[in-house]
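One letter stands for each residue in the lines below.
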Amino acid sequence: MVSVKDLTFSYRRRSVFRGLDLQLHPGHIYGLLGRNGTGKSTLLRNIAGFLFPRNGTIDVMGFEPGRRQPAFLQQTFLLPEELYLPPVSVSRWIKNNAAFYPNFSMEQFRAYMTGFDIPAEGSMQELSYGQQKKLLISFALAVNTPLLLMDEPTNGLDILSKSQFRKVIAGAVDEKKCILISTHQVKDLENLIDRILVIEEGRILFNQDMETISKKLTFSLSFDPTATADALYCESSLKGNALVLPNTDGEDSRPDLEMLYKAIILEGEKINKLFNA
Amino acid sequence: MNQTFDLSRWLRLVGAHWTENRKRYLLALLAMGGMLIAWYAFLLSIDKFGPLNLFLQYTAYYCGLYIIGCFYASTIFSQLGNKSQAIPYLAIPASHLEKLLCGILFGVVLFFLAYTCIFYIVDIPMVSMANKIIAREHQYWPKTMLPIGSVEVLNLWNNKWAPIPDKQYHLIFLGYFAIQSAFLLGSVYFVRWSFIKTIVAILLFWLVLVFFMIKGLSAHMPEGWHYDSMLDWTNFSGQQLNTRFIRLPALLEKLLLLSAQYCVAPAFWLITYFRLKEKEV
């Protein structure tokens with residue numbers, strides 16, 4: 001569905017990507033993680049056609065995103081981190097925008113709005129930041145584009161809304177859709193994504209599905225010095241040492257995304273060695 | 001589905017633009033009308049002899065058109081300078097041509113029609129009021145028996161007070177569209193303060209052009225030759241009998257004039273189209 005080959009991108013003097021390769025397939029929810037300034041949003045905007053590669057190619061469902069053809073824009077939706085909603089009523093805004101998306105479902109939109117507990121009438125300027133975000137998430141899901149890109153979608157959402165967000169996203173994906181979520185709030189993606197991408201120093205440092213991760217790694221808390229010595233990554237806490245260990249017993253364990261992310265960033269070589277073995 | 005232009009998609013875009021901006025536009029029209037009324041009221045209060053003559057109407061119309069029209073054009077694509085607004089705008093599933101044509105429809109066509117309507121809505125009753133003042137206060141110019149006569153309503157296309165270039169070629173009228181189109185391009189090209197930056201860019205261009213005419217062209221003319229206008233040159237040695245003229249061929253002259261009249265604005269629109277296509281956010 002999305003094929004990024006040898007992508008090079010820079011902002012004037014600052015280089016962001018150097019030869020980045022990435023493939024995204026339908027039927028998956030990808031979590032894109034990385035430190036601040038590593039290019040998560042830049043990658044999303046390259047895929048959505050708002051930034052153009054300086055070198056390399058991006059192919060999205062047979063389209064070159066940078067041309068921003070209407071047929072491409074009808075099949076790709078980017079939920080940006082920074083919101084803008086014009087000073088009109090919710091119903092008027094929906095009427096204006098939904099007409100551009102042939103697969104928009106009003107029924108779904110209403111269901112998402114009800115789920116998020118947002119008023120479907122009144123001016124959009126009267127909504128709080130969190131409500132505006134939920135409104136846009138509802139719209140982004142209701143347009144039913146095969147490719148949905150979300151940049152920090154859980155920023156500004158309260159705890160209950162985050163839980164509702166995970167619920168609706170999990171229910172929205174099907175074998176024809178691909179969702180890519182960029183976030184630095186790793187915990188928000190737990191039990192939601194089925195593949196994790198970590199971006200670092202202009203390339204994809206880690207790209208694995210959750211099943212493989214749970215087969216290859218275990219996550220535990222321990223005071224045992226032997227276990228600590230064997231750990232790929234260790235972090236001390238009051239409850240004991242939080243460890244990321246190679247899964248030698250073959251038992252499936254639930255990956256702790258935050259620990260995994262730290263292990264990848266700080267001990268990337270060890271982790272990649274284990275996965276490439 | 002046509003990827004360059006589709007009428008129904010464009011009409012949807014126009015409809016969406018109108019519903020999102022109508023309050024702002026209607027308020028702006030009211031403000032324009034209010035400013036014109038205030039200006040005319042001021043003129044009526046200070047001049048009881050020949051208030052609102054054709055020259056005053058002419059300058060009021062064109063000053064307003066140039067200043068407000070150019071300012072408005074510089075805001076047409078201003079959302080592209082703001083990341084939070086630019087992404088939703090560029091993400092609308094419509095082509096760049098459709099987005100540009102929507103901008104031209106509102107910024108050029110509808111603005112001009114609305115401005116002209118507002119002008120006449122204010123101008124006609126105010127001119128009538130001026131005539132009543134003339135009839136009531138002074139029928140003759142001071143210390144003469146010359147009748148003041150009634151004031152006419154400005155006729156944009158046939159105005160005896162207009163400067164010669166406007167009378168002959170409508171250059172002031174058509175020049176508005178050319179200059180306004182530069183501001184339209186500026187609204188895509190400059191991320192911030194596009195109105196001011198476009199004014200600076202136009203002034204710089206003008207300076208370079210004047211410098212080229214004075215230093216570049218004149219310096220390379222043969223002895224005694226100088227240009228009268230862009231289209232003809234004279235050699236004047238001091239004796240009228242020896243004066244010689246060179247003019248461009250009539251066809252070329254006509255083509256150059258037609259280009260100056262009708263091609264500048266479309267050329268800027270074309271550049272705006274490509275700039276819109278190249279826009280990154």
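In this report, the structure presented in the accompanying data block is examined. (Residues numbered from 1 in each chain as written. Chains lettered and ligands numbered in written order. Predicted model: local features only at pLDDT ≥ 70, side-chain atom pairs only at ≥ 80, totals over all residues. Heavy atoms only, no water.)

Side note on a nonpolar patch on the surface
All names here are of chain B.
So, point 1. A contiguous nonpolar surface patch, about 560 Å² in accessible area, is contributed by Trp193, Ile196, Val200, Leu204 and Leu207.
So, point 2. Along the chain, the position of Leu207 falls in helix α7 (residues 194–217).
So, point 3. Judged by its relative accessible area of 56%, Leu207 falls in the exposed class. (Patch = residues over 30% accessible without salt bridge, like charges linked within 9 Å, V, L, I, M, F, W, Y side chains within 5 Å. Areas by Shrake-Rupley, 256 points an atom, 1.4 Å probe, with all protein chains shown as cover. Salt bridge = Lys/Arg side-chain N within 4 Å of Asp/Glu carboxyl O. Helix = DSSP H or I, 4+ residues; strand = E, 2+ residues; numbered from the N terminus. Buried < 20%, exposed > 50% of the residue type's maximum accessible area, 1.4 Å probe, protein only.)

Description of the sheet that holds strand β12 (residues 240–246) of chain A
Strand pairing in a sheet relies on backbone hydrogen bonds, with the paired strands running either antiparallel or parallel.
Residues and elements named next belong to chain A.
So, point 1. Strand order in the open sheet formed by three strands is β10-β12-β11, with antiparallel pairing between adjacent strands. With one partner strand each, in any of the chains shown, β10 (217–222) and β11 (233–237) form the two edges of the open sheet. Strand after strand, the sheet turns through a mean of 15° between neighbouring axes, direction not considered.
So, point 2. Across the sheet, helix α9 (residues 257–266) lies against β10, β11 and β12, angled at about 125° from β11, the strand it touches most. (Pairing = 2+ DSSP bridges. Axes fitted to C-alpha atoms, helices over the stretch in contact; angles between N-to-C directions. Contact = heavy atoms within 4.5 Å.)

Let's talk about the sheet that holds strand β6 (residues 147–151) of chain A
All names here are of chain A.
So, point 1. Taken together, six strands build an open sheet; the order of strands is β5-β6-β7-β3-β8-β9 and the sheet is mixed. Edge positions in the open sheet fall to β5 (76–79) and β9 (203–209), since each of these has one partner strand only. Between one strand axis and the next, the sheet turns through 15° on average, direction left out of account.
So, point 2. Of the pairings in the sheet, the one linking β5 to β6 comprises four bridges and is parallel in character. Note that in β6 the partner of Leu78 across the bridge is Leu149.
So, point 3. With respect to the sheet, helix α6 (residues 159–172) is in contact with β3 (28–34), β6 and β7 (178–182), its orientation differing from that of β7 by roughly 155°.

A short note on the pairing of strand β1 (residues 2–11) of chain A
All names here are of chain A.
So, point 1. In this sheet, strand β2 (residues 14–24) lies alongside β1 in antiparallel orientation, the contact comprising seven bridges. Across the sheet, the residue bridging to Phe9 is Phe17, located in β2.
So, point 2. As consecutive antiparallel partners, β1 and β2 are separated by two residues, and within that stretch Arg12 has a phi angle of approximately 45°, a positive value.
So, point 3. When β1 meets strand β4 (residues 55–60), the two strands line up antiparallel, connected through five bridges.

Quick word on the packing of aromatic side chains
So, point 1. This structure, assessed with the given rule, holds 32 aromatic pairs over all chains.
So, point 2. Pairing A:Phe104 with A:Phe139 gives two aromatic rings, centres 5.6 Å apart and planes at 40°, and the pair type is tilted. Of this pair, A:Phe104 sits in the loop between α3 (90–98) and α4 (106–116) while A:Phe139 sits in helix α5 (residues 129–142), and the two are 35 residues apart along the sequence. You'll find A:Phe104 and A:Phe139 in the same group, each marked buried.
So, point 3. Look at B:Phe71 and B:Phe195: their rings are 5.2 Å apart centre to centre, the planes differ by 80°, and that puts the pair in the edge-to-face class. Residue B:Phe71 is located in helix α2 (residues 54–73), and its partner B:Phe195 is located in helix α7; the two are separated by 124 residues in the primary sequence.
So, point 4. Above the plane of the ring of A:Phe100 lies B:Arg12, whose end atom (NZ or CZ) is 5.4 Å from the centre.
So, point 5. For B:Lys99, the ring lying beneath its charged end belongs to B:Tyr89, and the centroid distance is 5.5 Å. (Phe/Tyr/Trp six-rings, centres within 6.5 Å; stacked < 30°, edge-to-face > 60°. Lys NZ or Arg CZ within 6 Å of the ring centre and 35° of its normal.)

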